[in-house]
Amino acid sequence: MIAHSAQEYEEAIRAKLGDEQLRTNLRSAMDTLITNRRNLIANRYHDWEELRELGKNAKLKVLARLDHYLQTFEEKAKANGFIVHYASSAKDANEIIYNLAKEKKVDRILKGKSMASEEIGLNHFLQEKGIIAKETDLGELIIQLIDEHPVHIVVPAIHKNRYQVGEIFHQKLNAPLESEPEKLNGIARKHMREEFKSFKMGISGVNFAIANEGAIWLVENEGNGRMTTTACDIHVAICGIEKLVESFEDASILVSLLGPSAVGVPITCYQNIITGPRQKGDLDGPVEAHIILLDHNRSNILADEKYYRALSCIRCGTCLNHCPVYDKIGGHAYLATYPGPIGVVITPQLFGLDNYDHIANLCSLCGRCGEVCPVKIPLPELIRDLRCEKAHEGRGVVRGYKDTKHSKLEELAMKAFAKMASNGALWRAFLKINGWLAPLGKWLGGYTPVLKIWLKHRNMPAINAGLHAKVKQLQGVVYE
(Lines give C-alpha, C1' and ligand atoms only; values in the text may rest on other atoms or scores of the structure.)
Protein backbone atom coordinates (compact mmCIF):
# COMPACT_ATOMS: atom_id res chain seq x y z
CA MET A 1 0.00 0.00 0.00
CA ILE A 2 1.32 3.44 -0.95
CA ALA A 3 1.29 5.78 2.05
CA HIS A 4 0.80 8.88 -0.10
CA SER A 5 0.48 9.31 -3.84
CA ALA A 6 2.48 11.76 -5.93
CA GLN A 7 -0.71 13.76 -6.39
CA GLU A 8 -1.16 14.09 -2.61
CA TYR A 9 2.39 15.42 -2.31
CA GLU A 10 1.83 17.92 -5.10
CA GLU A 11 -1.41 19.12 -3.54
CA ALA A 12 0.19 19.46 -0.10
CA ILE A 13 3.18 21.37 -1.46
CA ARG A 14 1.00 23.66 -3.55
CA ALA A 15 -1.23 24.40 -0.56
CA LYS A 16 1.73 25.26 1.69
CA LEU A 17 3.38 27.43 -0.96
CA GLY A 18 0.12 29.35 -1.23
CA ASP A 19 -0.15 29.88 2.53
CA GLU A 20 1.38 33.32 2.96
CA GLN A 21 0.96 33.34 6.74
CA LEU A 22 2.77 30.02 7.03
CA ARG A 23 5.67 31.23 4.91
CA THR A 24 5.92 34.47 6.88
CA ASN A 25 5.94 32.58 10.19
CA LEU A 26 8.54 30.08 9.00
CA ARG A 27 10.83 32.69 7.48
CA SER A 28 10.79 34.76 10.64
CA ALA A 29 11.42 31.72 12.85
CA MET A 30 14.17 30.25 10.66
CA ASP A 31 15.99 33.60 10.40
CA THR A 32 15.94 33.90 14.19
CA LEU A 33 17.22 30.36 14.77
CA ILE A 34 19.96 30.68 12.16
CA THR A 35 21.12 34.04 13.52
CA ASN A 36 21.10 32.82 17.13
CA ARG A 37 23.15 29.77 16.19
CA ARG A 38 25.69 31.74 14.16
CA ASN A 39 26.20 34.41 16.84
CA LEU A 40 26.50 31.87 19.67
CA ILE A 41 29.08 29.75 17.85
CA ALA A 42 31.10 32.83 16.89
CA ASN A 43 31.11 34.34 20.39
CA ARG A 44 31.23 31.34 22.72
CA TYR A 45 33.12 28.48 21.07
CA HIS A 46 36.80 28.77 20.25
CA ASP A 47 36.87 25.55 18.18
CA TRP A 48 33.36 24.53 17.08
CA GLU A 49 34.71 22.30 14.31
CA GLU A 50 36.75 20.24 16.77
CA LEU A 51 33.66 19.82 18.95
CA ARG A 52 31.75 18.58 15.89
CA GLU A 53 34.50 16.06 15.20
CA LEU A 54 34.32 14.79 18.79
CA GLY A 55 30.53 14.48 18.52
CA LYS A 56 30.77 12.59 15.24
CA ASN A 57 33.29 10.14 16.69
CA ALA A 58 31.21 9.62 19.83
CA LYS A 59 28.25 8.50 17.74
CA LEU A 60 30.18 6.43 15.20
CA LYS A 61 32.04 4.59 17.97
CA VAL A 62 28.76 3.24 19.35
CA LEU A 63 27.22 2.50 15.95
CA ALA A 64 30.27 0.38 15.08
CA ARG A 65 29.50 -1.95 18.04
CA LEU A 66 25.85 -1.24 18.74
CA ASP A 67 25.06 -4.82 19.74
CA HIS A 68 27.72 -4.67 22.47
CA TYR A 69 26.53 -1.33 23.80
CA LEU A 70 22.88 -2.43 23.78
CA GLN A 71 23.78 -5.45 25.89
CA THR A 72 25.84 -3.29 28.25
CA PHE A 73 23.05 -0.75 28.59
CA GLU A 74 20.45 -3.43 29.27
CA GLU A 75 22.55 -5.04 32.00
CA LYS A 76 23.31 -1.73 33.70
CA ALA A 77 19.74 -0.42 33.37
CA LYS A 78 18.25 -3.58 34.88
CA ALA A 79 20.73 -3.35 37.74
CA ASN A 80 19.48 0.20 38.34
CA GLY A 81 15.88 -1.01 38.56
CA PHE A 82 14.66 -0.27 35.03
CA ILE A 83 12.44 -2.77 33.26
CA VAL A 84 13.83 -3.10 29.73
CA HIS A 85 11.73 -4.04 26.70
CA TYR A 86 12.80 -4.60 23.09
CA ALA A 87 10.44 -3.57 20.27
CA SER A 88 11.40 -4.67 16.77
CA SER A 89 8.51 -2.75 15.17
CA ALA A 90 6.12 0.13 15.79
CA LYS A 91 3.37 -2.39 16.49
CA ASP A 92 5.48 -4.09 19.16
CA ALA A 93 6.20 -0.80 20.91
CA ASN A 94 2.55 0.23 20.88
CA GLU A 95 1.44 -3.13 22.21
CA ILE A 96 3.95 -2.99 25.06
CA ILE A 97 2.64 0.41 26.17
CA TYR A 98 -1.01 -0.58 25.77
CA ASN A 99 -0.62 -3.84 27.69
CA LEU A 100 1.19 -2.04 30.47
CA ALA A 101 -1.57 0.59 30.71
CA LYS A 102 -4.22 -2.13 30.67
CA GLU A 103 -2.43 -4.07 33.40
CA LYS A 104 -2.17 -0.97 35.60
CA LYS A 105 -5.77 0.09 34.83
CA VAL A 106 -4.62 3.37 33.26
CA ASP A 107 -6.98 5.19 30.89
CA ARG A 108 -5.12 8.52 30.69
CA ILE A 109 -1.44 9.02 29.91
CA LEU A 110 0.59 12.26 29.93
CA LYS A 111 3.42 12.52 27.42
CA GLY A 112 6.60 14.51 27.26
CA LYS A 113 7.96 15.40 23.84
CA SER A 114 8.91 12.28 21.88
CA MET A 115 9.40 12.05 18.12
CA ALA A 116 9.70 8.26 18.52
CA SER A 117 6.11 8.18 19.79
CA GLU A 118 5.08 10.17 16.71
CA GLU A 119 6.98 7.71 14.52
CA ILE A 120 5.08 4.71 15.87
CA GLY A 121 1.70 6.50 15.85
CA LEU A 122 1.23 5.95 19.56
CA ASN A 123 -1.48 8.54 20.25
CA HIS A 124 -3.73 7.24 17.49
CA PHE A 125 -3.13 3.62 18.53
CA LEU A 126 -4.04 4.32 22.15
CA GLN A 127 -7.08 6.36 21.16
CA GLU A 128 -8.44 3.40 19.21
CA LYS A 129 -7.98 1.28 22.36
CA GLY A 130 -9.89 3.79 24.50
CA ILE A 131 -6.87 5.36 26.22
CA ILE A 132 -6.29 9.12 26.11
CA ALA A 133 -2.70 10.28 25.56
CA LYS A 134 -2.26 13.98 26.31
CA GLU A 135 0.74 16.05 25.26
CA THR A 136 2.41 18.28 27.87
CA ASP A 137 5.08 20.02 25.79
CA LEU A 138 3.77 23.50 24.88
CA GLY A 139 4.27 23.07 21.14
CA GLU A 140 2.84 19.55 21.16
CA LEU A 141 -0.13 20.73 23.22
CA ILE A 142 -0.90 23.48 20.71
CA ILE A 143 -0.94 21.15 17.72
CA GLN A 144 -2.80 18.40 19.57
CA LEU A 145 -5.60 20.87 20.30
CA ILE A 146 -6.06 21.41 16.55
CA ASP A 147 -5.37 17.77 15.59
CA GLU A 148 -2.14 18.42 13.69
CA HIS A 149 1.21 16.64 13.61
CA PRO A 150 4.51 18.34 14.56
CA VAL A 151 5.79 20.61 11.83
CA HIS A 152 9.37 20.49 13.15
CA ILE A 153 11.30 17.86 15.10
CA VAL A 154 12.35 20.34 17.81
CA VAL A 155 9.75 23.12 17.72
CA PRO A 156 6.47 21.34 16.87
CA ALA A 157 4.32 24.47 16.51
CA ILE A 158 6.87 26.82 14.95
CA HIS A 159 4.47 27.46 12.07
CA LYS A 160 2.02 29.25 14.38
CA ASN A 161 2.56 32.82 15.58
CA ARG A 162 1.44 34.12 18.98
CA TYR A 163 -1.83 35.51 17.64
CA GLN A 164 -2.76 32.15 16.15
CA VAL A 165 -1.80 30.38 19.39
CA GLY A 166 -3.96 32.83 21.35
CA GLU A 167 -6.90 32.04 19.10
CA ILE A 168 -6.36 28.28 19.55
CA PHE A 169 -6.31 28.60 23.34
CA HIS A 170 -9.38 30.81 23.22
CA GLN A 171 -11.36 28.33 21.13
CA LYS A 172 -10.12 25.03 22.57
CA LEU A 173 -9.45 25.87 26.24
CA ASN A 174 -12.07 28.62 26.68
CA ALA A 175 -9.25 30.93 27.78
CA PRO A 176 -9.28 34.73 27.41
CA LEU A 177 -8.04 35.88 24.02
CA GLU A 178 -4.39 36.79 24.56
CA SER A 179 -1.32 37.27 22.39
CA GLU A 180 1.48 38.07 24.85
CA PRO A 181 3.86 35.08 25.20
CA GLU A 182 3.92 35.31 29.00
CA LYS A 183 0.14 35.17 29.22
CA LEU A 184 -0.07 32.33 26.70
CA ASN A 185 2.46 30.36 28.74
CA GLY A 186 0.37 31.06 31.84
CA ILE A 187 -2.74 29.66 30.16
CA ALA A 188 -0.90 26.49 29.15
CA ARG A 189 0.65 26.12 32.59
CA LYS A 190 -2.70 26.43 34.35
CA HIS A 191 -4.25 23.88 31.99
CA MET A 192 -1.43 21.36 32.39
CA ARG A 193 -1.17 21.72 36.19
CA GLU A 194 -4.68 20.32 36.49
CA GLU A 195 -3.65 17.34 34.36
CA PHE A 196 -0.51 16.70 36.41
CA LYS A 197 -2.44 16.51 39.69
CA SER A 198 -3.89 13.08 39.12
CA PHE A 199 -2.10 11.16 36.37
CA LYS A 200 -0.62 7.72 36.95
CA MET A 201 1.45 6.99 33.84
CA GLY A 202 3.91 9.19 31.95
CA ILE A 203 5.71 8.67 28.66
CA SER A 204 8.89 10.37 27.49
CA GLY A 205 11.43 10.12 24.75
CA VAL A 206 15.19 9.77 25.28
CA ASN A 207 17.89 12.11 24.04
CA PHE A 208 20.83 9.96 25.10
CA ALA A 209 21.05 6.50 26.71
CA ILE A 210 24.36 6.06 28.53
CA ALA A 211 25.50 2.47 28.11
CA ASN A 212 28.15 2.39 30.83
CA GLU A 213 25.73 3.73 33.44
CA GLY A 214 22.36 2.28 32.39
CA ALA A 215 20.89 5.79 32.61
CA ILE A 216 18.91 8.03 30.27
CA TRP A 217 19.41 11.75 29.64
CA LEU A 218 16.52 14.03 28.64
CA VAL A 219 16.88 17.71 27.70
CA GLU A 220 14.01 20.21 27.80
CA ASN A 221 13.12 23.84 28.44
CA GLU A 222 9.70 23.77 30.08
CA GLY A 223 9.80 21.41 33.06
CA ASN A 224 6.99 19.26 31.68
CA GLY A 225 9.48 16.49 30.96
CA ARG A 226 10.50 16.45 34.59
CA MET A 227 6.85 16.23 35.63
CA THR A 228 5.94 13.40 33.24
CA THR A 229 8.91 11.32 34.40
CA THR A 230 8.80 11.89 38.17
CA ALA A 231 5.26 12.81 39.27
CA CYS A 232 3.74 9.55 38.01
CA ASP A 233 3.71 6.02 39.37
CA ILE A 234 4.82 4.51 36.05
CA HIS A 235 7.32 6.08 33.66
CA VAL A 236 7.87 4.65 30.17
CA ALA A 237 10.76 5.96 28.04
CA ILE A 238 10.73 5.22 24.30
CA CYS A 239 14.34 5.03 23.11
CA GLY A 240 15.46 4.46 19.54
CA ILE A 241 18.42 2.08 19.64
CA GLU A 242 20.57 4.70 17.89
CA LYS A 243 20.30 6.99 20.96
CA LEU A 244 22.98 5.03 22.80
CA VAL A 245 26.29 6.65 23.74
CA GLU A 246 29.13 5.04 25.65
CA SER A 247 29.60 7.41 28.59
CA PHE A 248 28.48 10.57 30.33
CA GLU A 249 31.51 12.29 28.81
CA ASP A 250 30.31 11.47 25.28
CA ALA A 251 26.76 12.54 26.15
CA SER A 252 28.13 15.84 27.49
CA ILE A 253 29.84 16.51 24.16
CA LEU A 254 26.60 15.88 22.28
CA VAL A 255 24.59 18.03 24.70
CA SER A 256 27.10 20.84 24.04
CA LEU A 257 26.33 20.50 20.32
CA LEU A 258 22.57 20.08 20.68
CA GLY A 259 21.46 23.38 22.21
CA PRO A 260 23.46 25.69 19.92
CA SER A 261 22.45 23.73 16.82
CA ALA A 262 18.76 23.48 17.71
CA VAL A 263 17.83 26.98 18.85
CA GLY A 264 21.07 28.88 19.38
CA VAL A 265 21.40 28.51 23.18
CA PRO A 266 24.42 27.08 25.04
CA ILE A 267 22.28 24.69 27.08
CA THR A 268 18.62 23.92 27.70
CA CYS A 269 16.91 24.88 30.97
CA TYR A 270 16.51 21.33 32.27
CA GLN A 271 18.92 18.40 32.10
CA ASN A 272 17.10 15.32 33.41
CA ILE A 273 19.36 12.33 34.08
CA ILE A 274 17.27 9.36 35.17
CA THR A 275 18.95 6.32 36.70
CA GLY A 276 15.93 4.23 37.62
CA PRO A 277 12.69 4.20 39.60
CA ARG A 278 12.13 5.68 43.06
CA GLN A 279 14.49 4.22 45.65
CA LYS A 280 13.82 3.65 49.32
CA GLY A 281 13.85 7.00 51.08
CA ASP A 282 13.21 9.06 47.91
CA LEU A 283 10.43 11.62 48.13
CA ASP A 284 9.44 11.46 44.46
CA GLY A 285 9.96 9.52 41.29
CA PRO A 286 8.01 6.67 39.67
CA VAL A 287 7.44 3.35 41.38
CA GLU A 288 8.18 1.61 38.05
CA ALA A 289 10.48 2.82 35.26
CA HIS A 290 10.36 1.13 31.86
CA ILE A 291 12.58 1.60 28.80
CA ILE A 292 11.47 0.46 25.35
CA LEU A 293 14.44 -0.02 23.01
CA LEU A 294 12.91 0.60 19.60
CA ASP A 295 14.37 -0.86 16.41
CA HIS A 296 11.70 -0.20 13.74
CA ASN A 297 14.06 -0.87 10.81
CA ARG A 298 17.03 0.93 12.37
CA SER A 299 19.00 -2.33 12.17
CA ASN A 300 18.51 -2.29 8.40
CA ILE A 301 19.89 1.24 8.22
CA LEU A 302 22.84 0.27 10.42
CA ALA A 303 23.70 -2.63 8.12
CA ASP A 304 24.23 -0.38 5.09
CA GLU A 305 27.70 0.93 4.33
CA LYS A 306 26.43 4.46 3.63
CA TYR A 307 23.09 5.06 5.29
CA TYR A 308 24.28 4.01 8.76
CA ARG A 309 25.68 7.55 9.14
CA ALA A 310 22.11 8.87 9.39
CA LEU A 311 21.77 7.08 12.75
CA SER A 312 24.24 9.60 14.21
CA CYS A 313 21.46 12.21 14.20
CA ILE A 314 20.92 13.89 17.60
CA ARG A 315 17.58 15.41 16.48
CA CYS A 316 18.72 19.03 16.75
CA GLY A 317 16.75 20.13 13.69
CA THR A 318 19.42 22.52 12.39
CA CYS A 319 19.28 20.89 8.95
CA LEU A 320 15.59 21.88 8.81
CA ASN A 321 16.37 25.42 9.95
CA HIS A 322 18.88 25.94 7.14
CA CYS A 323 16.97 24.11 4.38
CA PRO A 324 15.65 26.40 1.60
CA VAL A 325 12.94 23.86 0.80
CA TYR A 326 11.70 23.34 4.36
CA ASP A 327 11.37 27.06 5.07
CA LYS A 328 9.11 27.48 2.03
CA ILE A 329 6.68 24.63 2.69
CA GLY A 330 7.08 23.59 6.34
CA GLY A 331 7.11 20.08 7.73
CA HIS A 332 3.53 19.09 6.98
CA ALA A 333 4.12 19.11 3.22
CA TYR A 334 6.52 16.17 3.63
CA LEU A 335 3.58 14.03 4.80
CA ALA A 336 6.00 12.24 7.12
CA THR A 337 6.95 12.15 10.80
CA TYR A 338 10.46 13.43 10.08
CA PRO A 339 10.60 16.37 7.65
CA GLY A 340 13.57 18.29 6.29
CA PRO A 341 16.87 16.83 5.06
CA ILE A 342 17.18 14.22 7.81
CA GLY A 343 13.59 13.19 7.10
CA VAL A 344 14.35 12.81 3.40
CA VAL A 345 17.11 10.35 4.30
CA ILE A 346 15.54 8.26 7.08
CA THR A 347 11.82 8.27 6.24
CA PRO A 348 12.05 5.97 3.17
CA GLN A 349 14.27 3.60 5.16
CA LEU A 350 11.95 3.46 8.16
CA PHE A 351 8.72 3.19 6.18
CA GLY A 352 9.80 2.01 2.70
CA LEU A 353 10.92 3.84 -0.42
CA ASP A 354 7.80 2.65 -2.22
CA ASN A 355 5.72 4.55 0.36
CA TYR A 356 7.83 7.71 0.45
CA ASP A 357 9.73 7.94 -2.85
CA HIS A 358 8.42 11.43 -3.60
CA ILE A 359 10.06 12.85 -0.47
CA ALA A 360 13.44 12.56 -2.19
CA ASN A 361 12.39 15.40 -4.51
CA LEU A 362 12.13 17.85 -1.60
CA CYS A 363 15.77 18.90 -1.76
CA SER A 364 17.64 21.52 -3.79
CA LEU A 365 21.02 19.79 -3.21
CA CYS A 366 22.45 23.10 -1.99
CA GLY A 367 24.52 21.26 0.61
CA ARG A 368 23.74 23.54 3.57
CA CYS A 369 22.43 20.67 5.73
CA GLY A 370 25.74 18.84 5.52
CA GLU A 371 27.67 22.02 6.35
CA VAL A 372 25.75 22.69 9.57
CA CYS A 373 25.07 19.17 10.89
CA PRO A 374 26.72 19.10 14.33
CA VAL A 375 27.80 15.45 13.97
CA LYS A 376 28.81 15.81 10.32
CA ILE A 377 26.27 13.49 8.71
CA PRO A 378 26.88 13.72 4.92
CA LEU A 379 23.21 14.45 4.23
CA PRO A 380 23.63 15.78 0.65
CA GLU A 381 25.56 12.66 -0.32
CA LEU A 382 22.95 10.37 1.24
CA ILE A 383 20.09 12.23 -0.47
CA ARG A 384 21.82 11.87 -3.86
CA ASP A 385 22.28 8.18 -3.16
CA LEU A 386 18.61 7.89 -2.26
CA ARG A 387 17.63 9.57 -5.52
CA CYS A 388 19.69 6.98 -7.37
CA GLU A 389 17.70 4.31 -5.54
CA LYS A 390 14.46 5.96 -6.58
CA ALA A 391 15.58 6.04 -10.23
CA HIS A 392 16.61 2.36 -10.05
CA GLU A 393 20.24 3.33 -10.63
CA GLY A 394 21.42 2.77 -7.07
CA ARG A 395 22.55 -0.20 -5.03
CA GLY A 396 19.05 -1.56 -4.45
CA VAL A 397 19.38 -1.58 -0.66
CA VAL A 398 16.53 0.62 0.59
CA ARG A 399 13.30 -1.03 1.77
CA GLY A 400 10.64 -0.97 -0.94
CA TYR A 401 13.19 -0.41 -3.72
CA LYS A 402 11.74 -3.15 -5.95
CA ASP A 403 8.23 -1.75 -5.72
CA THR A 404 9.23 1.83 -6.55
CA LYS A 405 8.04 3.06 -9.91
CA HIS A 406 10.24 5.29 -12.03
CA SER A 407 9.72 7.14 -15.29
CA LYS A 408 11.07 5.37 -18.37
CA LEU A 409 10.83 8.66 -20.25
CA GLU A 410 12.99 10.36 -17.62
CA GLU A 411 15.47 7.49 -17.79
CA LEU A 412 15.81 7.79 -21.56
CA ALA A 413 16.08 11.58 -21.38
CA MET A 414 18.89 11.43 -18.81
CA LYS A 415 20.79 8.80 -20.81
CA ALA A 416 20.56 10.99 -23.90
CA PHE A 417 21.69 14.03 -21.91
CA ALA A 418 24.64 12.11 -20.42
CA LYS A 419 25.78 10.98 -23.86
CA MET A 420 25.54 14.51 -25.23
CA ALA A 421 27.18 16.19 -22.22
CA SER A 422 30.17 13.83 -22.38
CA ASN A 423 30.83 14.51 -26.08
CA GLY A 424 32.40 17.90 -26.83
CA ALA A 425 31.14 18.22 -30.40
CA LEU A 426 27.60 17.15 -29.53
CA TRP A 427 27.51 19.47 -26.51
CA ARG A 428 28.64 22.52 -28.51
CA ALA A 429 26.08 21.72 -31.21
CA PHE A 430 23.37 21.38 -28.55
CA LEU A 431 24.27 24.76 -27.04
CA LYS A 432 24.30 26.43 -30.44
CA ILE A 433 20.86 25.06 -31.36
CA ASN A 434 19.49 26.06 -27.97
CA GLY A 435 20.94 29.52 -28.38
CA TRP A 436 18.89 29.90 -31.57
CA LEU A 437 15.72 28.40 -30.08
CA ALA A 438 15.86 30.05 -26.63
CA PRO A 439 13.66 33.01 -27.63
CA LEU A 440 11.00 30.50 -28.76
CA GLY A 441 11.43 28.31 -25.71
CA LYS A 442 8.49 29.67 -23.72
CA TRP A 443 6.14 29.13 -26.62
CA LEU A 444 7.52 25.74 -27.68
CA GLY A 445 7.67 24.53 -24.09
CA GLY A 446 3.95 25.04 -23.70
CA TYR A 447 3.41 22.08 -26.01
CA THR A 448 5.67 19.61 -24.19
CA PRO A 449 4.43 17.73 -21.06
CA VAL A 450 7.54 18.22 -18.92
CA LEU A 451 8.60 21.73 -19.95
CA LYS A 452 5.02 22.98 -19.70
CA ILE A 453 5.03 22.33 -15.94
CA TRP A 454 8.62 23.59 -15.52
CA LEU A 455 7.90 26.87 -17.33
CA LYS A 456 4.90 27.66 -15.13
CA HIS A 457 7.34 28.87 -12.48
CA ARG A 458 10.51 29.65 -14.46
CA ASN A 459 11.87 31.50 -17.47
CA MET A 460 13.99 29.90 -20.16
CA PRO A 461 17.68 30.71 -19.54
CA ALA A 462 19.66 32.75 -22.04
CA ILE A 463 22.26 30.37 -23.49
CA ASN A 464 25.56 31.70 -24.83
CA ALA A 465 26.49 29.02 -27.30
CA GLY A 466 29.77 30.75 -28.21
CA LEU A 467 31.26 30.80 -24.73
CA HIS A 468 33.80 28.08 -25.55
CA ALA A 469 35.09 30.12 -28.46
CA LYS A 470 35.51 33.20 -26.26
CA VAL A 471 37.34 31.18 -23.63
CA LYS A 472 39.63 29.81 -26.32
CA GLN A 473 40.70 33.37 -27.20
CA LEU A 474 41.68 34.29 -23.63
CA GLN A 475 45.39 34.81 -23.11
CA GLY A 476 47.01 32.01 -21.11
CA VAL A 477 44.19 29.54 -21.65
CA VAL A 478 44.94 26.18 -23.22
CA TYR A 479 41.63 24.92 -24.62
CA GLU A 480 41.40 21.17 -25.06
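Residue positions within a chain follow its written sequence, with the count starting from 1. Given that this is a predicted model, residues contribute local features only at a pLDDT of at least 70 and side-chain atom pairs are listed and counted only at 80 or more, while totals for whole chains, interfaces and linings are drawn from all residues. Hydrogens and waters are ignored; side-chain quantities use all the structure's heavy atoms.

- Looking at an unreviewed UniProt entry, one finds the chain named Iron-sulfur cluster-binding protein, with Helicobacter mehlei as its source organism.

## Side note on the packing of aromatic side chains
Thinking step 1. Whether two aromatic rings pair depends on their centres lying within 6.5 Å, for rings of Phe, Tyr and Trp, where Trp uses its six-membered ring; planes under 30 degrees apart make the pair stacked, over 60 edge-to-face, and the rest tilted. Counted under the stated rule, the structure contains eight aromatic pairs.
Thinking step 2. Measuring from centroid to centroid gives 5.1 Å for Y45 and W48, while their planes differ by 70°, and the two rings are edge-to-face.
Thinking step 3. A ring is scored as having a charge over it whenever the NZ atom of a lysine or the CZ atom of an arginine sits within 6 Å of its centre and within 35 degrees of its normal. Directly above the aromatic system of Y98 lies the positively charged group of K129, at a separation of 5.1 Å from the ring centroid.

## Here's the deal with the sheet that holds strand β2 (residues 108-111)
Thinking step 1. In this description, strands pair whenever DSSP reports at least two bridges between them. For the purposes of this entry, the term helix denotes a DSSP run of H or I that reaches at least four residues, the term strand denotes a run of E that reaches at least two, and both are numbered from the N terminus. Strand order in this open sheet of six strands is β1-β10-β7-β4-β2-β3, and the pairing throughout is parallel. Each end of this open sheet is capped by a strand with a single partner; those strands are β1 (83-87) and β3 (132-135). Neighbour-to-neighbour, the strand axes of this sheet turn through a mean angle of 25°, independent of strand direction.
Thinking step 2. Bridge analysis of strand β4 (residues 201-204) against strand β7 (residues 234-240) gives four bridges, and the strand direction is parallel. Paired with G202 across the bridge in β7 is H235.
Thinking step 3. Lying over the sheet, helix α4 (residues 66-79) contacts β1 and β10 (288-294), oriented at roughly 150° with respect to β1. Helix axes use the C-alpha atoms of the stretch in contact, all axes being lines fitted to C-alpha atoms, and the angles between their N-to-C directions lie in the range 0 to 180 degrees. Only heavy atoms matter for contacts: two residues are in contact if any of them lie within 4.5 Å across the pair.

## A short note on the sheet that holds strand β6 (residues 215-220)
Where strands meet in a sheet, backbone hydrogen bonds hold them as pairs that are either parallel or antiparallel.
Thinking step 1. With mixed pairing, the four strands of this open sheet are ordered in space as β8-β5-β6-β9. The open sheet has two free edges, formed respectively by β8 (244-245) and β9 (270-274), since each of these has just one partner strand.
Thinking step 2. Across the sheet, helix α12 (residues 248-263) lies against β5 (208-210), β6, β8 and β9, angled at about 15° from β6, the strand it touches most.

## Concerning the nonpolar core
Thinking step 1. Here, the term nonpolar core denotes a set of buried Ala, Val, Leu, Ile, Met, Phe, Trp, Tyr and Cys residues that are joined through side-chain atoms within 4.5 Å. Relative accessibility under 20% of the residue-type maximum defines a buried residue, over 50% an exposed one, and the middle range a partly exposed one, all with a 1.4 Å probe and only protein chains included. Core analysis: the largest hydrophobic core is formed by 67 residues, its most contacted members being F208, Y326, Y334 and I342.
Thinking step 2. The start and end points of each domain follow an automatic or database-based domain assignment. Each of domain 1 (1-44 + 312-406) and domain 2 (51-296) contributes no fewer than three residues to this core.
Thinking step 3. Not counting residues within four places of it along the chain, the set of residues in contact with Y326 comprises L26, M30, V151, H152, I158, L320, G331, Y334, P339 and G340.
Thinking step 4. If you look at the next biggest cluster of nonpolar residues, it comprises 24 residues, including A116, I131, I203 and L294.

## Things to note about the packing of helix α8 (residues 138-145) against helix α9 (residues 162-172)
Thinking step 1. The N-to-C vectors of α8 and α9 enclose an angle of 60°; their axes lie 10 Å apart at closest approach. As judged from the angle between their axes, α8 and α9 are oblique. The two elements α8 and α9 meet at a crossing, and its hand is left-handed. In contact with L138, I142 and L145 of α8, α9 contributes V165, I168, F169 and K172.
Thinking step 2. Along the lines of polarity and charge, the residues of the contact of α8 with α9 split into six nonpolar, no polar and one charged. We call two directions roughly parallel when the angle between them is under 35 degrees, roughly antiparallel when it is over 145, roughly perpendicular when it lies between 65 and 115, and oblique otherwise. Each crossing is labelled by how the near helix is turned from the far one, with a counterclockwise turn of less than a right angle marking it left-handed and a clockwise turn marking it right-handed. Throughout, the ten residues Ala, Val, Leu, Ile, Met, Phe, Trp, Tyr, Cys and Pro are labelled nonpolar, Asp, Glu, Lys and Arg are labelled charged, and all others, Gly among them, are labelled polar.

## Section: the pairing of β3
Thinking step 1. Burial along β3 is one-sided: the residues A133 and E135 are buried and none of I132 and K134 is.
Thinking step 2. The pairing of β2 with β3 spans four bridges and is classified as parallel. Its bridge partner being in β3, R108 is matched across the sheet by I132.

## Points about the environment of Y338
Thinking step 1. Tracing the backbone shows Y338 in the loop between α15 (326-329) and α16 (340-351).
Thinking step 2. Not counting residues within four places of it along the chain, the set of residues in contact with Y338 comprises M115, A116, E119, I153, R298, R315, G343, I346, T347, L350 and I359.
Thinking step 3. Within polar-contact distance, the side chain of Y338 engages the side chain of E119 at 2.6 Å. What qualifies as a polar contact is a pair of N or O atoms within 3.5 Å, subject to a donor-acceptor requirement within protein and to the restriction that residues adjacent in sequence count only when both atoms come from side chains.

## Regarding the side chain of D295
Thinking step 1. With respect to the secondary-structure elements, D295 resides in the loop between β10 and α13 (298-302).
Thinking step 2. Looking at D295, its side chain comes within polar contact range of the main-chain nitrogen of R298, at 2.9 Å.
Thinking step 3. Contact partners of D295, with chain neighbours within four places excluded, come to A87, S88 and I241.

## Some points on α12
Thinking step 1. Here α12 contains 16 residues, and its C-alpha end-to-end distance of 23 Å stays within 8% of the 22 Å for a straight helix at 1.5 Å per residue.
Thinking step 2. Within α12, the full set of buried residues consists of D250, A251, I253, L254, V255, L257, L258, G259, P260, S261 and A262.
Thinking step 3. Positive backbone phi, approximately 75°, marks G264, located one or two places after α12. Helix span, as expected, comes to 1.5 Å for every residue beyond the first.

## Some points on the state of the cysteines
Thinking step 1. Cysteine sulfur atoms that pair up within 2.5 Å are treated as a disulfide. The final tally for this structure, using the stated rule, is zero disulfides.
Thinking step 2. Cysteine C232 is unpaired, with the sulfur of C239 as its nearest cysteine sulfur at 17 Å.
Thinking step 3. Unpaired in terms of disulfides, C366 finds its nearest cysteine sulfur in C369, a separation of 6.3 Å.

## Comments concerning the domain arrangement of the chain
Thinking step 1. Partitioning the chain into domains gives domain 1 (1-44 + 312-406), domain 2 (51-296) and domain 3 (408-473).
Thinking step 2. Here the C-alpha centroids of domain 1 and domain 2 sit 23 Å apart.
Thinking step 3. When domain 1 packs against domain 2, close to 3,100 Å² is buried across both sides, 61% of that on carbon and sulfur atoms.
Thinking step 4. When a carboxyl oxygen of Asp or Glu lies within 4 Å of a side-chain nitrogen of Lys or Arg, that pair is called a salt bridge. On the surface where domain 1 and domain 2 come into contact, there are two salt bridges.
Thinking step 5. A salt bridge links E53 to K376, with the shortest nitrogen-to-oxygen separation between them at 2.8 Å.
Thinking step 6. Looking at the side of domain 1 that touches domain 2, the elements with two or more residues in it are α2 (20-44), α14 (318-321), α16 and α18 (368-372).
Thinking step 7. Per-element accounting of the side of domain 1 that touches domain 2 gives the leading share, 11 residues, to α2.
Thinking step 8. Looking at the side of domain 1 that touches domain 2 residue by residue, the classes come out as 19 nonpolar, 12 polar and five charged. Accessible area, probed at 1.4 Å, shrinks when two parts are joined; the buried area is that loss added up over both.

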